[in-house]
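Coordinate analysis (summary)
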Amino acid sequence: MPRITGLEPDPRRPGAVRVLVDGRHFCTVHEAALGSATLAIGADWTGERAGLAGRAADEEAAWRAVLKALERRSYAVTELRRRLLMRGHPPAASDYALERAEAAGLLDDLVYARQFVASRAARGRGPSRLRRDLLALGVAKVHIEAALAEQWPEPEEALTLAAQLARRRARQLAGLPREVRRRRLLAYLARRGFAGSPVSELVTRVLREA
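All of the points below concern the structure found in this document. (Residues numbered from 1 in each chain as written. Predicted model: local features only at pLDDT ≥ 70, side-chain atom pairs only at ≥ 80, totals over all residues. Heavy atoms only, no water.)

1. Description of the pairing of strand 3 (residues 24–30)
Applied cut-off: Pairing between strands is defined by DSSP: at least two bridges between the two strands are required. Secondary structure counts use DSSP, requiring at least four H or I residues in a row for a helix and at least two E residues in a row for a strand, with both numbered from the N terminus.
For strand 2 (residues 16–21) and strand 3, the ladder comprises six bridges, and the chain directions are antiparallel. Note on strand 3: the bridge partner recorded for Val19 is Cys27. From the end of strand 2 to the start of strand 3, which pair antiparallel, there are two residues, and Asp22 there has a positive phi angle of about 50°.

Written out as C-alpha cells, the structure reads:
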C-alpha cells in the first residue's frame, strides 16, 4: 500500500505543507490539517487519508484565493463567498477560508461598510442608494445603519450633499421648462440615493433660487 513519505513546508506559501506519497507530491494542505496523527510520515495512504488530504487541499486553495482577492480590494464576507463559489471552490472549503480570514482580521463587514459608505458618499451617493447597494452585497442591516450613522450623524446632514448635487445639476438643466427640470432633478437625486419629502422640498428651494 502507498505511504506518506514526506510532509514538507511549501517555500512559496507560508503555512502550507506539501504532502508526498511514495515520494511524489500529492497535494498541498494547510498546517492545521497536520494537527492529528491522520496525516503523518509513514502512515498508510488509505482512502480515508486521501479524502482528508483532499478536503484540506480544497481549504488551502480557497484560503489562497481569499488572500489573492483581498490583495486587489476589500470585500464583504457574503460577496467574497459568492466569488469563491463562482470560481468552483467547494462550499465547505469556502466557509473555512472565510472564517480563517475573519479570525485573522482580514474580513470585517462593519469595517467594510464604513469604508464603502465613506468612499461613495465622497462621490455623491446618498443613504438610500448606499443602503441598497450594501444589502445587495450581503452586509447585515445593523452594520449598514451603523456606517450610515457615522457618515451622517443627523439625517439633515445628508441633505447638504443632496443640495450641492441638486444645484450643480440644476445649472446643467437651465433652459428647460420648470416642471421638466423638477422631474429630472428628482430622478437624478433618487438614482444617487436621495429621496423622500425632504428631498422634494429641497428641489423646490433649489429651483426657486435658480
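Next comes the rest of the description.
2. Overview of the environment of Arg171
To keep it simple, the criterion reads: Note on classification: 1.4 Å probe, protein chains only; a residue is buried when its accessible area is under 20% of the maximum for its type, exposed when over 50%, partly exposed between these limits.
With respect to the helices, strands and loops of the structure, Arg171 is situated in helix 7 (residues 155–172). Judged by its relative accessible area of 59%, Arg171 is exposed.

3. So, helix 2 (residues 77–86)
Rules: Regarding the arc, it is the one traced by the directions from the helix axis to the C-beta atoms. The contact definition used throughout considers only heavy atoms, calling two residues in contact when any of these lie within 4.5 Å.
Looking at helix 2, one finds that the buried residues are Val77, Glu79, Leu80 and Leu84. Taken down its axis, helix 2 places every buried residue within 165° of arc, on the same side. Taken together, the buried residues of helix 2 touch helix 1 (47–72), helix 3 (91–103) and helix 4 (109–121). Gly88 lies just past helix 2 and shows a positive phi near 95°.

4. Considering the packing of aromatic side chains
Under the convention used in this document: Stacked, tilted and edge-to-face are the three classes assigned to paired rings of Phe, Tyr and Trp, where Trp is represented by its six-membered ring and a pair needs centres within 6.5 Å; plane angles under 30 degrees give stacked, over 60 edge-to-face, the rest tilted. Either the NZ atom of lysine or the CZ atom of arginine qualifies as a charge over a ring when it sits within 6 Å of the ring centre and within 35 degrees of the ring normal.
In this structure the tally under the stated criterion is two aromatic pairs. Their ring planes at 70° and their centres at 4.8 Å tell us that Phe26 and Trp45 sit as a pair that is edge-to-face. On the criterion of sequence distance, the pair formed by Phe26 in strand 3 and Trp45 in the loop between strand 3 and helix 1 is long-range, its members being 19 residues apart. With a centroid separation of 5.9 Å and an interplanar angle of 40°, the aromatic rings of Tyr112 and Phe116 are classed as tilted. Here Phe116 and Tyr112 lie together in helix 4, a separation of four residues that amounts to about one turn. When the ring centre of Phe116 is taken as reference, the NZ or CZ atom of Arg120 above it lies at 3.8 Å. A cation sits over an aromatic face here: Arg169 above Tyr188, 5.3 Å from the ring centre.

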